[in-house]
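# Descriptive structure summary
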Amino acid sequence: MDMKKLAGDKAAEYVKDGMVLGLGTGSTAYHMVNAVGELVKNGMKIQAIPTSKATEAQARELGIPLLTIDELDHVDLAIDGVDEIDPQFNAIKGGGGALYREKVVASMAKEVIWIMDESKLVDKIGAFHLPVEIAQYGSKQAMEKMAAYGFNPVLRVKDGKTFVTDNGNYIADLHLGAGFDIQDVYGKLTGMLGVLEHGLFLNMCKRMIVGCASGEVKIIENPAK
């Protein structure tokens, strides 16, 4: 049972003709993008904004019409995955390293749907590391500052090299532990020199779509939205 595919396919049902759509990044979003590709193939007229080079390449292959961020004046719906989310709709994103573009697109969207398999639902976020995108220039100083706050930052490495984002930056993964003080960390990271963006996406979604091992798809609506 592919729980990620269940969630991705279900999310595509919310896509309507004429929409400007934010296409997320990652293993669950991958299925959603494929489903959107099918809608386009069957004649639905949409335009989409991808949140990473990987999603852009996938969307192009599927014939989904794409916009660049600077051509965009609004996003009707953004659909993306999460790494963890709590019952208050506070999410950690950025495990794939696309958090900056994901946050830009989600912030512009009239409506946001987070899609996931049931393992991403947690009582308290923080067991998954919190990704923070930092400028390469001065990265050592930013890392030291985060370490001084007790955030346990680890510079992300992939295939033996320091990982570089689509924007040319590094990622520090903060090992905070479940139940950290979300507002305190949010406040300290926001405006910290060298920090481009962090992976705290707080109460941004209108609904969660969750693929379950049982084969059912749970839809959890956010009463605040």
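Only a predicted model underlies this, so the values are computations on that prediction, with no experimental measurement involved.

## Here's the deal with the overall build of the chain
Looking only at helices and strands, one finds 6 helices and 15 strands in the chain. In terms of C-alpha radius of gyration, the chain reaches 17 Å, essentially the compact-globule figure of 17 Å for 225 residues. A buried classification covers 48% of the 225 residues belonging to the chain. For the chain, restricting intrachain contacts to residue pairs at least 6 apart in sequence, the fraction spanning at least 24 positions comes to 73%. Entry remark: accessible area of the chain is about 10500 Å², with carbon and sulfur atoms responsible for 51%. Charge-centre separation for the chain: the mean point of 24 positive side chains lies 1 Å from the mean point of 30 negative side chains.

## Digging into the side chain of Glu102
Relative to the elements of secondary structure, Glu102 occurs in helix α4 (residues 99-108). Of note is the side chain of Glu102, whose polar atom sits 3.1 Å from the side chain of Lys93. In this structure Glu102 touches Thr25, Thr51, Asp80, Lys93, Gly94 and Phe201, once residues within four positions along its chain are discounted.

## A look at the pattern of salt bridges
Counted under the stated rule, the structure contains 14 salt bridges. Linking Lys93 and Asp80 is a salt bridge whose minimum nitrogen-to-oxygen distance equals 3.0 Å. Of this pair, Lys93 sits in the loop between β5 (90-92) and α4 while Asp80 is found in strand β3 (residues 75-81), placing the two residues 13 residues apart along the sequence. Here Glu221 makes a salt bridge to Arg207, at a shortest N to O gap of 3.0 Å. Placement of the pair is Glu221 in strand β15 (residues 217-221) and Arg207 in strand β14 (residues 207-211), with a sequence separation of 14 residues. One continuous salt-bridge network, built from bridges that share partners, spans Asp80, Lys93 and Glu102.

## Quick look at the sheet that holds strand β2 (residues 47-50)
Sheet strands associate in pairs through backbone hydrogen bonding, adopting either a parallel or an antiparallel arrangement. A sheet is described by the order of its strands in space; here 6 strands give the open sequence β2-β1-β3-β6-β14-β15, paired in mixed fashion. Both edges of this open sheet fall to β2 and β15, since each of them pairs with a single strand only. Each strand axis lies, on average, 20° off the axis of its neighbour in the sheet, ignoring direction. As paired elements, strand β1 (residues 20-23) and β3 share 3 bridges and run parallel to each other. Each residue of the ladder has a partner; that of Leu21, found in β3, is Leu77.

## Remarks on the nonpolar core
If you look at the biggest cluster of nonpolar residues, it comprises 25 residues, and the most contacted ones within it are Ile85, Val112, Trp114, Met116 and Met208. The set of elements that each furnish at least two residues to this core consists of β3, α4, β6 (109-117) and β14. Ranked by residues supplied to this core, first place goes to β6 with 4 residues.

## Things to note about the environment of Pro223
Topologically, Pro223 is positioned in the segment after β15. For Pro223, a relative accessible area of 78% puts it in the exposed group. Counting along the chain gives 215 residues from Pro223 to Gly8, while the straight-line C-alpha distance between them is 22 Å.

## Structural notes on the sheet that holds strand β13 (residues 200-202)
Here 3 strands make up an open sheet; going across it, the order is β4-β5-β13 and the pairing antiparallel. Sheet topology places β4 (84-85) and β13 at the edges, where each strand pairs with a single neighbour. Bridge analysis of β5 against β13 gives 3 bridges, and the strand direction is antiparallel. Opposite Ala91, over in β13, you have Phe201 as the bridge partner. Where helix α6 (residues 182-189) meets the sheet, it contacts β5 and β13, and its direction lies at approximately 120° from that of β13.

## Some details on the side chain of Glu84
Checked against the element boundaries, Glu84 lands in strand β4. Look at Glu84: it is buried, it has no salt bridge, and the nearest opposite charge is Lys120 at 9.5 Å. A polar contact is formed between the side chain of Glu84 and the backbone nitrogen of Phe128, at a distance of 3.0 Å. Apart from residues lying up to four places away in sequence, Glu84 is in contact with Asn90, Ala91, Ile92, Lys120, Val122, Ile125, Gly126, Ala127 and Phe128.

Reading the values: rules and limits
- Residues numbered from 1 in each chain as written.
- Predicted model: local features only at pLDDT ≥ 70, side-chain atom pairs only at ≥ 80, totals over all residues.
- Heavy atoms only, no water.
- Helix = DSSP H or I, 4+ residues; strand = E, 2+ residues; numbered from the N terminus.
- Rg over C-alpha atoms; globule rule 2.2 N^0.38 Å.
- Buried < 20%, exposed > 50% of the residue type's maximum accessible area, 1.4 Å probe, protein only.
- Contact = heavy atoms within 4.5 Å.
- Areas by Shrake-Rupley, 256 points an atom, 1.4 Å probe, with all protein chains shown as cover.
- Lys, Arg positive; Asp, Glu negative; His and termini not counted.
- Charge placed at Lys NZ, Arg CZ, Asp CG, Glu CD.
- Polar contact = N/O pair within 3.5 Å; in protein donor to acceptor, adjacent residues only side chain to side chain.
- Salt bridge = Lys/Arg side-chain N within 4 Å of Asp/Glu carboxyl O.
- Pairing = 2+ DSSP bridges.
- Axes fitted to C-alpha atoms, helices over the stretch in contact; angles between N-to-C directions.
- Core = buried A, V, L, I, M, F, W, Y, C linked by side-chain atoms within 4.5 Å.

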